[in-house]
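A structural walkthrough
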Amino acid sequence: MVRNTVFIVVRILGALAGWAGWSTLWFSRFMGVQTTDDEQYIVTSMHFIMILMGLYLLLVCYLVWWRFTPSAVCHLCALISLSLLSFLPTPEPETRHPGFGVFIILSSLFGVCLIYRLTSFYINRLLFPAVRI
């Protein structure tokens with residue numbers, strides 16, 4: 001019962017990744033419509049990054065829906081853990097300690113790696129149990 005529920009949740013998250021990929025590719029078309037010559041290099045770089053991000057999201061959707069393997073679940077867990085980076089707290093500049101930025105970056109990278117390893121291990125173990133010989 002739990003395996004089927006996790007399977008459905010993984011498929012739904014894969015579909016959301018595909019939708020986010022298509023919308024990222026769609027909205028990346030409108031970047032740089034009103035830019036000056038000074039901003040063109042930055043806008044082109046951001047446009048390229050958005051296209052790569054959209055293609056990766058579509059790849060994860062494809063892997064989850066048509067090539068359901070442990071590596072597809074690992075890609076989905078990586079997306080989940082990286083999306084948690086958007087919830088990082090940022091303190092006010094006047095109360096910030098000088099070394100606080102480095103601490104936030106290192107602790108967030110450690111947290112992302114820990115969340116990725118734990119979720120991919122437990123979900124893969126649940127969806128793809130080891131066969132006893």
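Residues numbered from 1 in each chain as written. Predicted model: local features only at pLDDT ≥ 70, side-chain atom pairs only at ≥ 80, totals over all residues. Heavy atoms only, no water.

1. Some details on the side chain of Ser81
Tracing the backbone shows Ser81 in helix H3 (residues 70–83). By relative accessible area, which is 2% here, Ser81 ends up buried. Among the polar contacts listed, one links the side chain of Ser81 to the backbone oxygen of Ala78, at a separation of 3.0 Å. Leave out the neighbours within four places in its chain, and Ser81 touches Val112, Ile115 and Tyr116. (Helix = DSSP H or I, 4+ residues; strand = E, 2+ residues; numbered from the N terminus. Buried < 20%, exposed > 50% of the residue type's maximum accessible area, 1.4 Å probe, protein only. Polar contact = N/O pair within 3.5 Å; in protein donor to acceptor, adjacent residues only side chain to side chain. Contact = heavy atoms within 4.5 Å.)

2. As for the nonpolar core
In terms of nonpolar packing, the biggest core is built from 14 residues, with Val10, Val60, Val64, Phe68 and Leu127 touching the most fellow members. When contributions to this core are tallied by element, the ones reaching two or more residues are helix H1 (2–28), helix H2 (40–66) and H3. Broken down by element, this core gets its largest block of residues, five residues, from H3. When near neighbours in sequence (up to four residues on either side) are disregarded, Leu127 contacts Arg3, Val6, Phe7, Val10, Phe68 and Val73. (Core = buried A, V, L, I, M, F, W, Y, C linked by side-chain atoms within 4.5 Å.)

3. Some thoughts on a nonpolar patch on the surface
Taken together, the side chains of Phe7, Ile8, Val9, Ile12, Leu13 and Leu16 make up a nonpolar region of the molecular surface, amounting to roughly 500 Å² of accessible area. Mapped onto the fold, Ile8 is located in helix H1. (Patch = residues over 30% accessible without salt bridge, like charges linked within 9 Å, V, L, I, M, F, W, Y side chains within 5 Å. Areas by Shrake-Rupley, 256 points an atom, 1.4 Å probe, with all protein chains shown as cover. Salt bridge = Lys/Arg side-chain N within 4 Å of Asp/Glu carboxyl O.)

4. Observations concerning the packing of aromatic side chains
Taken as a whole and judged by the stated rule, the model has four aromatic pairs. Ring geometry for Phe7 versus Phe68: centroids 5.0 Å apart, planes at 80 degrees, classification edge-to-face. Of this pair, Phe7 sits in helix H1 while Phe68 is found in the loop between H2 and H3, placing the two residues 61 residues apart along the sequence. Ring geometry for Tyr62 and Trp66: centres 6.0 Å apart, planes at 25 degrees, overall stacked. Here Tyr62 pairs with Trp66, and both are found in helix H2, just four residues apart, close to one helical turn. In this structure, Arg11 packs its charged tip against the face of Trp65, placed 4.8 Å from the ring centre. One residue, Arg11, lies across the ring of Phe68, its end atom 5.4 Å from the ring centre. (Phe/Tyr/Trp six-rings, centres within 6.5 Å; stacked < 30°, edge-to-face > 60°. Lys NZ or Arg CZ within 6 Å of the ring centre and 35° of its normal.)

5. As for helix H4 (residues 100–127)
In this model H4 runs 40 Å from its N-terminal to its C-terminal C-alpha over 28 residues, within 8% of the 40 Å that 1.5 Å per residue would give. Every buried residue of H4 is accounted for by Ile104, Ser108, Val112, Ser120, Asn124 and Leu127. In this structure, the buried residues of H4 make contact with H1 and H3. (Expected span 1.5 Å × (residues − 1).)

6. Let's talk about the packing of H1 against H4
The interhelical angle for the contact between H1 and H4, taken along N-to-C directions, is 120 degrees, at an axis separation of 9 Å. Classified by the angle between their axes, H1 and H4 sit oblique to one another. As H1 runs across H4, the sense of the crossing is left-handed. Residues Val2, Arg3, Val6, Phe7 and Val10 of H1 lie in contact with H4, whose contacting residues are Ile123, Leu126 and Leu127. Of the residues belonging to the contact of H1 with H4, the class tally is seven nonpolar, no polar and one charged. (Axes fitted to C-alpha atoms, helices over the stretch in contact; angles between N-to-C directions. Parallel < 35°, antiparallel > 145°, perpendicular 65-115°, else oblique. Left-handed = near helix turned anticlockwise from the far one by under 90°. Nonpolar A, V, L, I, M, F, W, Y, C, P; charged D, E, K, R; others polar.)

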